[in-house]
Amino acid sequence: MAPTPGSIRLRSATGRGVLVATVLGSGLAMLDSTVVNVALPHIGHDLSADLAGLQWTSTGYTLTLAALILLGGSLGDRYGRRKVFLIGVVWFAVASALCGVAPSMPVLIAARLLQGVGGALLTPGSLALIQSTYHPDDRARAIGAWSGLGGVATAIGPFVGGWLVDAASWRFVFYLNLPLAAAVVIVALRYVPESRDTTAQGFDIPGAVLGALGLAGITYALVEAPEKGGSPVVLGAAVAGVLALVAFVLVERRSRHPMMPPDLFRSTTFSAVNAVTFMVYAALGGMIFFLVLQLQTVSGFSALAAGIALLPFTVLMLLLSATSGSIAQKIGPRPQLIIGPLVAAVGALLLLRVGPDANYWTDVLPGVLLVGLGMTTLVAPLTSTVLAAVATRHAGVASGVNNAVARAASLLAVAALPLVAGLSGAAYKQPTAFSHGYRIAMVVCAGLFLLGTVLSALLVRRPAEVPTERVPERHVCCEVSGPPIEVGRPAGTARSEPAGTSAD
């Protein structure tokens, strides 16, 4: 007899198989994101790419992922979580293979866009499968194990990516996904039971399309503006993107099943925390994009050394997030939401020291540590405040919205910062020119972190208790989006995938 969803124990063979499949599945997206950032300079050299090409390599994945991740969760509810999860894994693997064999930047960028679609299908499915599969008594432990093992995948990403680039080629960064995806498919077909929500209703297809078009139009305008200036194409893309986002808001207000329910934003706390999320993850995504290029282009670090340079950031997040969450439960989220971005801003300013012949211990590590400490301080209370600001029945979609905001922020930062810094074309290959732009970008990132502190101080209060509502379980576990914000977990066990290490 096939195992029944909702009754599987963690210690059983099936329970262990489900955990392996979901950890490897979510690890695909996390590992890929960290290793690609390290490989960017080599990709640009091999494919004769300009800076815009590197931006699209990073943002293409994030664009489709951020736009479609909520829709991916809804598809799993309706058609089967295992089915959609497996489709996402296979899709991601095929797109990864296309990235690996890409002969030119346009092909690579197109493949990265396809990767994002696969990520949008598999990312929400990994946590939803855990929530819907395990016995209620084992769910917390399963989520904790999933979180910790997923954190290990994030932590080793920069090391693995740097080693592959230096030892073989940047193409192996993408080929690495193929055996991992094959293992996920084999284990999932063997152990993971199918589950779906029989009460799931319609999809917000218009919202998903308009959201994607809006982000794409604005991203295109920001990335291409340094080279093409105010050309009709750039201006047209910007206008089309803005109009699409305006239409998105109008559609969401009228939709029977909106992917981003406007009612959520009636909560001042929910709106404020998402504004803080946007500032902080924009700063983090832009900072790491520039830092990895600066280390390799200006400071002479190898790809492996540049990847390892970011490792302390992830280790701090992995080791201290639970403690940060426990503190937030005792004192409330506001102090940490004020202090965290402030500490990260100081770290970003310290990274201004990274230049020619930079010493890792004195010029790189102090800034990386402070940014890591700042993010570790704020992420867990950010998670708990998002969930506490809305009714229980909206917990899943609230988590997903916050996830999408974080990814969109990183996407727009990577698109906009080179324009702000005055960089374009082959500037990333010219140490003097890029170093000047890098310094501007770090100051802007520090300013964004500080804006997060200001918004937290002015707008965030301890959320009022929201009445618990008895609702179908899908609201709690099926419309989730995966890292950086995860649903159904106490603040003390929250794990966040840093948008920068994950911000493609």
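Rules used throughout
Residues numbered from 1 in each chain as written. Predicted model: local features only at pLDDT ≥ 70, side-chain atom pairs only at ≥ 80, totals over all residues. Heavy atoms only, no water. Helix = DSSP H or I, 4+ residues; strand = E, 2+ residues; numbered from the N terminus. Buried < 20%, exposed > 50% of the residue type's maximum accessible area, 1.4 Å probe, protein only. Areas by Shrake-Rupley, 256 points an atom, 1.4 Å probe, with all protein chains shown as cover. Patch = residues over 30% accessible without salt bridge, like charges linked within 9 Å, V, L, I, M, F, W, Y side chains within 5 Å. Salt bridge = Lys/Arg side-chain N within 4 Å of Asp/Glu carboxyl O. Core = buried A, V, L, I, M, F, W, Y, C linked by side-chain atoms within 4.5 Å. Contact = heavy atoms within 4.5 Å. Polar contact = N/O pair within 3.5 Å; in protein donor to acceptor, adjacent residues only side chain to side chain. Phe/Tyr/Trp six-rings, centres within 6.5 Å; stacked < 30°, edge-to-face > 60°. Lys NZ or Arg CZ within 6 Å of the ring centre and 35° of its normal. Expected span 1.5 Å × (residues − 1). Bend = angle between axes of the 7 residues up to and from the residue. Axes fitted to C-alpha atoms, helices over the stretch in contact; angles between N-to-C directions. Parallel < 35°, antiparallel > 145°, perpendicular 65-115°, else oblique. Left-handed = near helix turned anticlockwise from the far one by under 90°. Nonpolar A, V, L, I, M, F, W, Y, C, P; charged D, E, K, R; others polar. pLDDT = per-residue confidence, 0-100.

Asks: Would you mind going over the overall build of the protein chain with me for this structure?
Replies: Of regular secondary structure, the protein chain possesses 18 helices and 0 strands. Expressed as a percentage of its 504 residues, the buried residues of the protein chain come to 60%. For the protein chain, the accessible surface area stands at approximately 18,100 Å², while carbon and sulfur atoms represent 68% of it.

Asks: What's the story with unusual backbone geometry in this structure? I'm lost.
Replies: Residues apart from glycine generally show negative phi values, whereas peptide bonds are mostly found in trans. Phi is positive for Ser48, close to 50 degrees, though the residue is something other than glycine. With respect to the helices and strands, the residue Ser48 is situated in the loop between helix 1 (13-46) and helix 2 (51-79). One non-glycine residue, Asp357, adopts positive backbone phi at about 55 degrees. For Asp357, the location among the structural elements is in the loop between helix 13 (334-350) and helix 14 (360-388). Residue class for Asp357 comes out exposed when judged on its relative accessible area of 71%.

Asks: How should I be thinking about a nonpolar patch on the surface in this particular structure?
Replies: A cluster of nonpolar side chains, namely Ile87, Val90, Trp91, Val94, Leu98, Val101 and Leu114, defines an oily patch on the protein surface of about 580 Å² accessible area. Examining the composition of the nonpolar patch, we find that 6 residues originate from one element, helix 3 (residues 81-101), more than from any other. Secondary-structure assignment places Val94 in helix 3.

Asks: Looking at this structure, how should I read the nonpolar core?
Replies: If you look at soluble globular proteins, the nonpolar side chains tend to sit buried side by side. Counting 135 residues, the largest nonpolar core has Leu108, Leu284, Phe290, Met375 and Phe449 as the members making the most contacts within it. Top element by residues in this core is helix 10 (residues 268-297). It accounts for 17 residues. Setting aside chain neighbours within four positions, we find Phe290 in contact with Leu417, Pro418, Leu423, Phe434, Gly437, Tyr438, Ala441 and Met442.

Asks: Would you mind going over the pattern of salt bridges with me for this structure?
Replies: Opposite charge on two side chains makes pairing possible when the charged atoms of those side chains draw close. Counted according to the given criterion, the structure contains 6 salt bridges. In this structure, Arg171 engages Asp46 in a salt bridge whose closest nitrogen and oxygen atoms are separated by 3.8 Å. You can see Arg171 sitting in helix 6 (residues 171-175) and its partner Asp46 sitting in helix 1, a full 125 residues away along the chain. In this structure, the salt-bridge partner of Arg353 is Asp363, at a minimum N-O distance of 3.1 Å. Here Arg353 is found in the loop between helix 13 and helix 14, whereas its partner Asp363 is found in helix 14, with 10 residues between them in sequence. Here Arg353 falls in the partly exposed class, since its relative accessible area comes to 48%.

Asks: Help me out: how do you make sense of the side chain of Ser299 in this one?
Replies: Tracing the chain through its elements places Ser299 in the loop between helix 10 and helix 11 (303-309). Side-chain polar atoms of Ser299 contact the backbone oxygen of Gly355, separated by 2.7 Å. Excluding its chain neighbours within four sequence positions, the residues that come into contact with Ser299 are Gln294, Val354, Gly355, Pro356, Asp357 and Ala358.

Asks: Sorry, what's going on with the packing of aromatic side chains here?
Replies: For any pair of aromatic rings, the description rests on two quantities: the centre-to-centre distance and the angle between the ring planes. Scanning the model with the defined rule gives 8 aromatic pairs in all. Measuring from ring centre to ring centre gives 5.7 Å for Phe290 and Phe434, while their planes differ by 20 degrees; the resulting arrangement is stacked. Note that Phe290 is positioned in helix 10 and Phe434 in helix 16 (residues 431-459), a separation of 144 residues in sequence. Grouping residues by exposure puts Phe290 and Phe434 together as buried. When the ring centre of Tyr191 is taken as origin, the NZ or CZ atom of Arg190, which lies over that ring, is 4.7 Å away.

Asks: Help me understand helix 8 (residues 205-228) in this model?
Replies: For helix 8, which comprises 24 residues, the first-to-last C-alpha distance of 33 Å matches the rise-based estimate of 34 Å (1.5 Å per residue) to within 8%. The principal kink in helix 8, of about 30 degrees, is found at Leu222, preceding the proline Pro226 by one to four residues. Inspection of helix 8 places Gly207, Ala208, Leu210, Gly211, Gly214, Leu215, Gly217, Thr219, Ala221, Val223, Glu224 and Ala225 among the buried residues, and these make up the whole buried set.

Asks: Would you mind going over the environment of Gly207 with me for this structure?
Replies: Within the secondary structure, Gly207 sits in helix 8. Note: C-alpha distance between Gly207 and Met260 (53 residues apart in sequence) is 8.4 Å. Among all residues touching Gly207, those that are not within four sequence positions of it are Phe248, Val251, Glu252 and Met259.

Asks: Help me understand helix 3 in this model?
Replies: Because each turn of an α-helix spans 3.6 residues, side chains separated by three or four positions in sequence point in the same direction. The end-to-end C-alpha distance of helix 3 is 31 Å, a good match for the 30 Å that 21 residues give at a rise of 1.5 Å each. Among all positions of helix 3, only Arg81, Val84, Phe85, Leu86, Gly88, Val89, Phe92, Ala93, Ala95, Ser96, Cys99 and Gly100 are buried.

Asks: Would you take a moment to explain the packing of helix 3 against helix 7 (residues 177-191) for this structure?
Replies: A packed helix pair is summarised by two numbers, namely the angle formed by the two axes and the spacing between the axes. One way to put it is that helix 3 packs onto helix 7 with a least axis distance of 9 Å and a crossing angle of 160 degrees. The pairing of helix 3 with helix 7 is recorded here as roughly antiparallel in orientation. Considering only the axes of helix 3 and helix 7, their crossing is left-handed. For the pair helix 3 and helix 7, the contacting residues are Arg82, Phe85, Leu86, Val89, Val90, Phe92, Ala93, Ser96 and Ala97 in the first and Asn177, Leu178, Ala181, Val184, Val185, Ala188 and Leu189 in the second. Its residues assigned to classes, the contact of helix 3 with helix 7 comprises 13 nonpolar, 2 polar and 1 charged.

Asks: I would appreciate a short explanation of the confidence of the model for the protein chain in the present structure.
Replies: Segments scoring low in pLDDT should not have their predicted coordinates read at a detailed level. The predicted model of the protein chain averages 84 in pLDDT, with 87% of residues at 70 or higher. With pLDDT under 50 throughout, residues 464-504 is counted as low confidence; its partners more than four residues away or in other chains account for 150 contacts.

Asks: Whenever I open this one, the environment of Phe248 confuses me. Can you help?
Replies: One can find Phe248 in helix 9 (residues 232-254). Classification of Phe248 as buried rests on a relative accessible area of 11%. Separated by 12 residues in sequence, Phe248 and Met260 have C-alpha atoms that sit 9.6 Å apart.

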